[in-house]
Amino acid sequence: MSSKYIEIMEEIKLQLENGSLIAGSKLPSIRQLSEHFSCSKNTVIKAYVELEKEHLIYSVPKSGYFVVNEYQIEAKENEVIDFLSAGPDKHVMPYLDFQHCMNQAIEQYKEELFTYSDQQGSFTLRVQLVKYLQNLQVFTKPERLVVVSGSQQALNLLVAMPFPNGKNNILIEQPSYFGIIESINLHQATAFGIELSMDGIDLDHLEYIFRNNDIKFFYIIPRFHNPLGHSYTNREKQKIVELAEKYDVYIVEDDFLGDLDPDAKSDPLFAFEPSGRVIYIKSFSKIFLPGLRIATVILPTLMMNNFLRYKFSSDFNSSALSQGALEIYLKSGMFNSHLKKIKEIYYTKMNHLQDACEELLPANTHYSKPSSGFYLSISLPENVTAKQVVHMLHEENIYVDDASRMFLPEYKKDNLIRLSISQVEMRKIKTGVERLAYSISLIDSRKNQKPSNLFLF
Ligand SMILES: Cc1ncc(COP(=O)(O)O)c(C=O)c1O
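Residues numbered from 1 in each chain as written. Predicted model: local features only at pLDDT ≥ 70, side-chain atom pairs only at ≥ 80, totals over all residues. Heavy atoms only, no water.

What counts here: UniProt positions are given in the numbering used here, feature names are shortened, and annotations may be inferred rather than shown by experiment.
Naming follows an unreviewed UniProt entry, where the protein chain appears as DNA-binding transcriptional MocR family regulator of Metabacillus niabensis. Per its UniProt entry, the protein chain bears the Cofactor (unreviewed entry) comment "pyridoxal 5'-phosphate".

1. Concerning the site of the ligand
Defined as follows: Only heavy atoms are used to decide nearness, and a residue is near a molecule or strand if one of them lies within 4 Å of it. Any N or O atom pair separated by 3.5 Å or less is treated as a polar contact, with the protein-specific requirement of one donor-capable and one acceptor-capable atom, and with residues adjacent in sequence counted only for side-chain atom pairs. Accessibility throughout is a Shrake-Rupley quantity obtained with a 1.4 Å probe, and a residue counts as covered only by protein chains that appear here. Residues are grouped as follows: nonpolar covers Ala, Val, Leu, Ile, Met, Phe, Trp, Tyr, Cys and Pro; charged covers Asp, Glu, Lys and Arg; every other residue, Gly included, is treated as polar.
Not every one of the 13 residues close to the ligand is listed here, only the nearest: Ser-151, Asp-254, Ser-283, Ser-285 and Arg-293. Between the ligand and Gln-152 there is a distance of 2.9 Å, counted from an oxygen atom to a backbone nitrogen or oxygen. Contact between the ligand and Ser-285: an oxygen atom at 2.5 Å from a side-chain N or O atom of the residue. Across the complex, the protein chains shield 91% of the 400 Å² of accessible surface that the ligand would expose by itself. Residue classes in the shell around the ligand are distributed as 4 nonpolar, 6 polar and 3 charged.

2. Quick word on the domain arrangement of the protein chain
Note the following rule: Residue ranges assigned to the domains are those given by an automatic or database domain assignment. The criterion used for residue contact is that any of the two residues' heavy atoms lie within 4.5 Å. A 1.4 Å probe defines the accessible area here, and the buried area is the portion of it lost by two parts on being joined, summed over both. Salt bridges, as used here, are contacts in which a Lys or Arg side-chain nitrogen is within 4 Å of a carboxyl oxygen on Asp or Glu. Segments assigned H or I by DSSP are reported as helices when at least four residues long, segments assigned E as strands when at least two residues long, and all are numbered from the N terminus.
Here the protein chain is partitioned into domain 1 (4-76), domain 2 (95-333) and domain 3 (336-444). Each partner contributes to the interface: domain 2 provides 31 residues, whereas domain 3 provides 27 residues. Of the roughly 2400 Å² buried between domain 2 and domain 3 on both sides combined, carbon and sulfur atoms contribute 63%. Interface area lost by domain 2 to domain 3 is led by Gln-174, Pro-227 and Leu-260, which between them contribute 22%. In this assembly, domain 2 and domain 3 are joined by 0 salt bridges. At the boundary of domain 2 with domain 3, the tally comes to 10 residue pairs in polar contact (both at pLDDT 80 or more). Listing elements by their share of the side of domain 2 that touches domain 3, those giving two or more residues are β5 (169-174), α8 (178-186) and β6 (191-195). With 5 residues, the top contributor of residues to the side of domain 2 that touches domain 3 is β6. Grouping the amino acids of the side of domain 2 that touches domain 3 by side-chain chemistry returns 19 nonpolar, 8 polar and 4 charged.

3. A look at the packing of helix α6 (residues 123-134) against helix α12 (residues 320-331)
We count it as follows: To obtain an axis, a line is fitted to C-alpha atoms, over the contacting stretch when the element is a helix, and the angle between two such axes runs from 0 to 180 degrees between their N-to-C directions. When describing relative orientation, an angle under 35 degrees is termed roughly parallel and one over 145 degrees roughly antiparallel, while 65 to 115 degrees is termed roughly perpendicular and anything else oblique. Rotating anticlockwise by less than a right angle from the far helix to the near helix defines a left-handed crossing, while the corresponding clockwise rotation defines a right-handed one.
Their axes nearest at 9 Å, the elements α6 and α12 cross at an angle of 40 degrees. The pairing of α6 with α12 is recorded here as oblique in orientation. In the crossing of α6 with α12, the sense of the turn from one axis to the other is left-handed. Contacts from Thr-124, Leu-125, Gln-128, Leu-129 and Tyr-132 in α6 reach Gln-323, Leu-326, Glu-327, Leu-330 and Lys-331 in α12.

Quick look at the structure:
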């Protein structure tokens, strides 16, 4: 049956999108389509069954297949404007293609995928990953890669394990990804913060911290930062690596969205010190399928054995089934075409969100201006807390995130909200920002109201 059924599905989806097929219309008969696509009737039936599972079409016994009423779906979707969810856009998750790769992987590797496997990750996948990473200006070899169960696992293990510099403390940008803060808390590690704004970090202050605070590693999200959306320039990245080298600090570089960078000249920190100072982590969760729980980490040779001991005691090995299928997805070129598609989608959504912020947000709010990625953050006026805004919008089924959990206690800010563009539909962005702007102004004006004389006593 191969991938012909996917071709049929894609063709029908295209016609639904461009309006050639409208709600209620009857689809061609199974015989017509099998002739048109020169394939078996079973292949057409498979395509129709899959489209039915996606609730795009329905069947009427003895009559055929029909397009579902899009208004029913829209009415349901219209209820929610989701700037909160941070998984990839569910409309572009390539799970049908991936299903195909899973089947192929099982055919190719058979029982190997269902027993214990290499702790470091399958070698053939690591070879594919090395090739893929070259697109991100990351040049390394399979021996230095470990396949991990999500980048969160790599972070958690790095927080827990000793480093060759024998130092104890961790430095993180403020704010930062909540998952690293949780790992630090649970391991009772000591963390220092360095303030990050859309203008970057103070490099003199960074040097001061490196020199004086026994820093084991500096955890950094160099592109499309979570939650700010900030990206460093190449010059800044180079300088940070130089300082790390000078003061014997390791860098843990979390390049979770690097693949979306529209600037082909932007380098990761890894490119400035490929031989071990920078530990590079690449997640596939945002650009691909988070449920696979697959990411990779590049380690200095010096740390490999110890990292593998920690990894082994955590989960033996990462899912061999996910690894086998990802290998085939990468090798077939499907990954690169998927990436091309989503790069465009997220770039467009992010621009649209910024246009809406520019047009609608009150003048006393400040928002970041990332060139792509998932996140844009908004600093609220002094009188307005993120908690109030989240609560007020929640009542209207508009979801945004309060970023206060993304700070260490001494850096805590309660007036930052994070918007994610990954799951929100393009056509809802402007309405969402309109409602957000209204809520901010309303809360702000209430706070600014002078109490009546009655309460002055
Ligand atoms: C910056 C950052 N790093 C890592 C992760 C964890 O990703 P994974 O699914 O690869 O564990 C996330 C998830 O949201 C994230 O935002």
